[in-house]
Structure formats: structure tokens, C-alpha cells
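A closer look at the structure
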Amino acid sequence: MNWTSWGAFFHMGGYGLYVWGAYGVTAFVLALEIVAVRRRAARARADLQHGVAE
Amino acid sequence: MKWTTYAAPSRFYALAGRLTPWCWAAAALFGLAGLWTGFAIAPTDFQQGDAYRIIFIHVPAAWMSMVIYLAMAFWAAWGWMLNARMASMYARALAPTGALFTFVALWTGAFWGKPTWGTWWVWDARLTSEFILLMLYLGYIALTEAIDDPRRSANAGALLALVGAVNIPVIYFSVKWWNTLHQGSTISVGAAPKMVATMLTAMLLMTLSFWAYSFAVAFTRARAVVLEQESEAEWVRGL
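Residues numbered from 1 in each chain as written. Chains lettered and ligands numbered in written order. Predicted model: local features only at pLDDT ≥ 70, side-chain atom pairs only at ≥ 80, totals over all residues. Heavy atoms only, no water.

1. Focus on the overall build of chain A
Here is the rule we go by: A run of DSSP states H or I qualifies as a helix once it reaches four residues; a run of E qualifies as a strand once it reaches two. Both are numbered from the N-terminal end. Values of the radius of gyration come from C-alpha atoms, whereas the globule rule sets the reference at 2.2 Å times the count of residues to the power 0.38. Between buried and exposed lies partly exposed: a residue is buried under 20% and exposed over 50% of the maximum accessible area for its type, with that area taken using a 1.4 Å probe on protein chains only. Every accessible area reported is derived by Shrake-Rupley at a probe size of 1.4 Å, with residue values counting cover from the shown protein chains alone.
Along its length, chain A carries two helices and zero strands. Taking 54 residues into account, the globule formula puts the C-alpha radius of gyration at 10 Å, and chain A, at 21 Å, lies well above it. With the C-alpha coordinates aligned to their principal axes, the bounding extent of chain A is approximately 65 × 20 × 15 Å. Here chain A holds 54 residues, and 31% of them are scored as buried. Per element, the accessible surface of chain A, about 3500 Å² overall, is 64% carbon and sulfur.

2. Thoughts on the side chain of B:Ser129
As a reminder, the rule being used: We call two residues in contact whenever any of their non-hydrogen atoms come within 4.5 Å of each other.
By the element assignment, B:Ser129 lies in helix 4 (residues 125-146). Each residue touching B:Ser129, except ones within four places of it in the same chain, is listed here: B:Asn167, B:Val170, B:Ile171 and B:Ser174.

3. Let's talk about the pattern of salt bridges
Side chains that carry opposite charge are capable of pairing whenever their charged atoms lie near each other. Residue and element names in this part refer to chain B. We count it as follows: Any carboxyl oxygen of Asp or Glu that lies within 4 Å of a side-chain nitrogen of Lys or Arg is treated as forming a salt bridge with it.
Under the defined criterion, the tally for this structure stands at six salt bridges over all chains. Residue arginine 53 pairs with aspartate 50 through a salt bridge whose shortest N-O separation is 3.0 Å. As far as the burial class goes, arginine 53 and aspartate 50 line up, both buried.

4. Comments concerning helix 6 (residues 167-177) of chain B
Residue and element names in this part refer to chain B. To be explicit about the condition: In this description, the arc belongs to the directions extending from the helix axis to the C-beta atoms.
Buried within helix 6 are the following residues: Asn167, Ile168, Ile171, Ser174 and Val175. The buried residues of helix 6 occupy an angular sector of 145° when the element is viewed end-on, so they sit on one face. Looking at the buried side of helix 6, the elements it contacts are helix 2 (55-82), helix 4 and helix 5 (150-164).

5. A look at the interface of chain A and chain B
Condition: Reported buried area values correspond to the accessible surface (1.4 Å probe) lost by two parts on association, with both partners' losses combined. Under this definition, polar contacts are N or O atom pairs within 3.5 Å; protein pairs additionally need one hydrogen-donor-capable and one acceptor-capable atom, and for neighbouring residues in sequence, both atoms have to be side-chain atoms.
Contact with chain A, which involves 29 residues of that partner, is made by 41 residues of chain B. Together, the buried faces of chain A and chain B total about 3000 Å²; carbon and sulfur atoms form 71% of this surface. Applying the counting criterion to the chain A and chain B interface returns two salt bridges. B:Arg221 is the salt-bridge partner of A:Glu33, the closest N and O atoms lying 2.7 Å from each other. The tally of links from chain A across to chain B stands at eleven residue pairs in polar contact (both at pLDDT 80 or more).

6. Side note on the packing of aromatic side chains
Residues and elements named next belong to chain A. Test applied: Pairing of aromatic side chains requires ring centres within 6.5 Å, counting the rings of Phe and Tyr and the six-membered ring of Trp. Pairs whose planes differ by under 30 degrees are stacked, by over 60 edge-to-face, and all others tilted.
Under the criterion given, the structure shown has 34 aromatic pairs over all chains. With 5.6 Å between their ring centres and 75° between their planes, tryptophan 3 and phenylalanine 9 make a pair best called edge-to-face. Taking relative accessible area as the criterion, tryptophan 3 reaches 14% and is therefore assigned buried. When its relative accessible area of 15% is taken as the criterion, phenylalanine 9 is described as buried.

7. Here's the deal with the side chain of B:Asn167
Residues and elements named next belong to chain B. Among the structural elements, asparagine 167 can be located in helix 6. Taking relative accessible area as the criterion, asparagine 167 reaches 8% and is therefore assigned buried. Dropping the residues within four chain positions of it, asparagine 167 is found in contact with Ser129, Ile132, Leu133 and Leu136.

8. Observations regarding a nonpolar patch on the surface
Residues and elements named next belong to chain B. Worth spelling out the cut-off: For patch building, the residue pool is restricted to those with more than 30% relative accessible area and no salt bridge; the joining distance is 9 Å between like charges and 5 Å between nonpolar side chains (Val, Leu, Ile, Met, Phe, Trp, Tyr).
The grouping of Trp80, Leu159, Leu162 and Val163 at the surface amounts to a nonpolar patch, some 370 Å² of accessible area in total. Residue contributions to the nonpolar patch peak at three residues, all from helix 5. Take valine 163: it is sitting in helix 5. When its relative accessible area of 56% is taken as the criterion, valine 163 is described as exposed.

9. Section: the packing of helix 2 of chain B against helix 6 of chain B
Residue and element names in this part refer to chain B. Convention followed: Lines are fitted to the C-alpha atoms to define the axes, a helix being fitted only along its stretch in contact, and any angle between axes, read from their N-to-C directions, falls within 0 to 180 degrees. Should an angle fall under 35 degrees it is taken as roughly parallel, and over 145 as roughly antiparallel, whereas 65 to 115 is taken as roughly perpendicular and any remaining angle as oblique. Two helices crossing with the near one rotated counterclockwise from the far one by less than a right angle form a left-handed crossing, whereas a clockwise rotation gives a right-handed crossing. Polar here means any residue other than Ala, Val, Leu, Ile, Met, Phe, Trp, Tyr, Cys and Pro, which are nonpolar, and Asp, Glu, Lys and Arg, which are charged; Gly is therefore polar.
For the pair helix 2 and helix 6, interaxial distance at closest approach is 10 Å and the crossing angle is 160°. In terms of orientation, helix 2 and helix 6 fall into the roughly antiparallel class. The crossing of helix 2 and helix 6 is left-handed. Seen from helix 2, the contacting residues are Met66, Tyr69 and Leu70; seen from helix 6, they are Ile168, Ile171 and Tyr172. Split by residue class, the contact of helix 2 with helix 6 holds six nonpolar, no polar and no charged.

The following block contains the structure:
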């Protein structure tokens, strides 16, 4: 294990801003895409149900 | 069963629906394994300190940005030449994910460049060609969204995707062809990897994770596109 404490882990040898800035934004945009694509799929199914009911 | 079986939107829809949960699971498992290997096991780099750990997402994202573009161009061309609707729909489903990984490659590159090169951005061959890739993705998405008729939209998109494909070898070989600030390939075919085994393992695990993620998202989006475009089809009405 490389890290003696959570503090050291977040500090990342002085590169915390860069490492977490890179990982944080990556996680954020992937999460955003997952939400967006699931919404689109749900909307497509809902429109279909709606169309059938008419 | 013929090889063209899954060219039928109905078959694709069913198969993609069955595969998607496995893709999500693989993405999560490989991702956790990759992050654990990358942060808990891989040692601190003697030159770059812990800043190098950005490589575990930077290189896989850059690979995916290129692989997805090639897949998108391939299916777009396939749909155009053979008038295969499903191939065109799949190409469209790939584009946003490819654009996303291109953005991630650029973003993580900037956050890696600042501490190691002293600058967020430089217009060198590698960075510029990757930036052009992002513009190609956005152009493809804008073009296909702008044309309402599915067939004309797919054909116009295929033309753009094919012309833009020349950019992929440019990105890949840019660090060889030009003198770039960007470093050369970390691993290449036929040569020993220039990195510690645990670092390499973490990078490959993250690559598998991103790959599985891409399949999961693209399948989900492609199924939505099928429902949107084929809403008049009998099998869709029967769902």
C-alpha cells in the first residue's frame, strides 16, 4: 500500500489538484452520460407507449 | 443463423438488451480492479511522482477516442454502402461516447501537462490532431442531428466520418512524424513496454473498463435510436 493515511492519499504527493482534477471530471462526465443515455432510452419507450395508446 | 441476422433492428434490439447488463458489470469490475491496482499497488514514479497516475485514465480514454471513431466510420460506411439501417443507427449511437472520451483524453492530458510540462495546453501535433478529432465528432453529431430524413442524415454523416478518418493515423503517428512535446508511445507492438508491470496492468484494466462502458452506453443509446427511428415498424409497436 502506497498511502499511510487518507490525508496522504488526497495529497497525492503534492499533485492532488491535478490527479483529482483529472479523475473527478472524468467520473463526472461518465456519470452524466449514463444519466443522459438512460433518460433517452426511457423517453423512447415512453413515447412508444404513448403512441400505441392513441 | 446467418451473419446478417443482427443487421435486423429487431434482432439487434433484443441481443443488445441481453448484453448490456453484462457490459455494465464488466465495466464496474474492471474499473474497480484498475483503480485499486493503479492507486494501491502501482508504485510512485521516480521521475513524475504521483502525477503520472493520470495515465491510467488518460491513455485508455485516448485509445477509446480513436477506436470508437474507427468503429463509427466503419459502421457509417457499411450502412451507406449496403443501405443497412442498423449499421447507420449504431454509428450514430457511438458518436457521443467517442466525443466524450476525446474530451476526457484532452482534459486529463491538460491536468497531466501542467505539472510535468508546465503548461495546460500546447498546439503540438498530437494535441492538435486530438482536438481536431473532437471537432470531427461534434461535426458528425451536428450534421446527423440537423437532417431529419434518416437515410440522408446517415449518408451525409458517413461521408464526413470517412473523410475524417484520415485524422486517426495522423493522431497515432504524430509523435513519430513530428517533434512533439507529447511523449512517444508508452507501449507499442513488438517492443517491451516502457513501464513497470503493475502500472501497465492498471492501464490495461482501465482500458477494458472503458471498452465495456462504451459497449454498454452505445448499446443503450442504439436501442433508443432504434425505437425513435423505427416507431412505425410492426415489431416496435408490438413491444
